[in-house]
Amino acid sequence: QTEMQAHLHEAKALRLGLHTADGFKKAVIARCGSLLGAWRYALDLDGNGRLSVGEFSVALARLGLHGDVQGLWSQLVKPHNIASSPSGSIRTKPQYFLYFSDLDPQTAEEVADMRAKLAEKHGNLLLAWVKGLDINGSGKVTLEEFTAALADCGCSVDAEA
């Protein structure tokens, strides 16, 4: 019974925490291991690099996270570029999206730096995979291979972080 109470308390704390950006981050880290993991495997499922408020709401429901979704959205989203129509005219109402850099600017910058350096060294990311990361053709990369590839292209990112 004590274990059940502990689980109920933890679930309640996670629900209550979804009224703040920090509470949201803690909740998704608890469920997904990291903000980047949450972004890639639970939030940005279509891989387009951004979330609309609708996608965000659906992702929260899918993860079983509840709370003040609109208030949380307002805390997390940062105004970026105003979306433009195909004709090139700028919409009168800005359309805001949530980007990974809004959640974790440091990790977003490190990932962008790593991708840029791998592409610069090898020509593009596909060639970086073939020539720099998966050099033995196994279809996977060990931590040692990943660390070596990062060092080879001059990345200062901690591979184990």
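Residues numbered from 1 in each chain as written. Predicted model: local features only at pLDDT ≥ 70, side-chain atom pairs only at ≥ 80, totals over all residues. Heavy atoms only, no water.

### What to know about helix H3 (residues 35–43)
Residues Leu-35, Gly-37, Ala-38, Trp-39, Ala-42 and Leu-43 constitute the buried set of H3. On its buried side, H3 packs onto helix H2 (21–32), helix H4 (53–63) and helix H6 (100–103). (Buried < 20%, exposed > 50% of the residue type's maximum accessible area, 1.4 Å probe, protein only. Helix = DSSP H or I, 4+ residues; strand = E, 2+ residues; numbered from the N terminus. Contact = heavy atoms within 4.5 Å.)

### Observations concerning helix H5 (residues 69–76)
Those residues of H5 lying buried are Gly-71, Leu-72, Trp-73 and Leu-76. As for H5, its buried residues are in contact with H2, H4 and H6.

### Focus: the environment of Leu-63
With respect to the secondary-structure elements, Leu-63 resides in helix H4. What makes Leu-63 buried here is its relative accessible area of 19%. With 32 residues separating them along the chain, Leu-63 and Arg-31 place their C-alpha atoms 8.1 Å apart. When sequence neighbours within four positions are dropped, the list of residues in contact with Leu-63 reads Val-28, Arg-31, Cys-32, Ala-42 and Leu-43.

### A few points about the packing of aromatic side chains
Under the defined criterion, the tally for this structure stands at three aromatic pairs. Linked through ring pairs, Phe-24, Phe-56 and Trp-73 together constitute an aromatic cluster. (Phe/Tyr/Trp six-rings, centres within 6.5 Å; stacked < 30°, edge-to-face > 60°.)

### What about the side chain of Asp-134?
Structurally, Asp-134 can be placed in the loop between helix H8 (125–133) and helix H9 (143–152). Buried and unpaired, Asp-134 has no salt bridge, with Lys-140 as the nearest side chain of opposite charge at 9.1 Å. From its side chain, Asp-134 meets the backbone nitrogen of Ser-138 in a polar contact 3.0 Å long. Here Gly-139 takes part through its backbone nitrogen, which lies 2.8 Å from a polar atom of the side chain of Asp-134. Aside from chain neighbours lying at most four places away, what touches Asp-134 is Trp-129, Gly-139, Lys-140 and Val-141. (Lys, Arg positive; Asp, Glu negative; His and termini not counted. Salt bridge = Lys/Arg side-chain N within 4 Å of Asp/Glu carboxyl O. Polar contact = N/O pair within 3.5 Å; in protein donor to acceptor, adjacent residues only side chain to side chain.)

### A short note on the state of the cysteines
With the rule as written, the count across this model stands at zero disulfides. Unpaired in this structure, Cys-153 has its nearest cysteine sulfur neighbour in Cys-155, at a distance of 3.4 Å. (Disulfide = S-S within 2.5 Å.)

### A few points about the nonpolar core
Phe-24, Leu-43, Phe-56, Leu-76 and Leu-98 are the most contacted members of the largest nonpolar core, which has 24 residues in total. Looking at this core, the elements that each hand over two or more residues are H2, H3, H4, H5 and H6. By residue number, the principal contributor to this core is H3, which donates five residues. When sequence neighbours within four positions are dropped, the list of residues in contact with Leu-76 reads Ala-21, Phe-24, Phe-56, Leu-98, Asp-102 and Leu-103. Counting eight residues, the second-largest nonpolar core is a separate cluster that includes Ala-128, Ala-149, Leu-150 and Cys-153. (Core = buried A, V, L, I, M, F, W, Y, C linked by side-chain atoms within 4.5 Å.)

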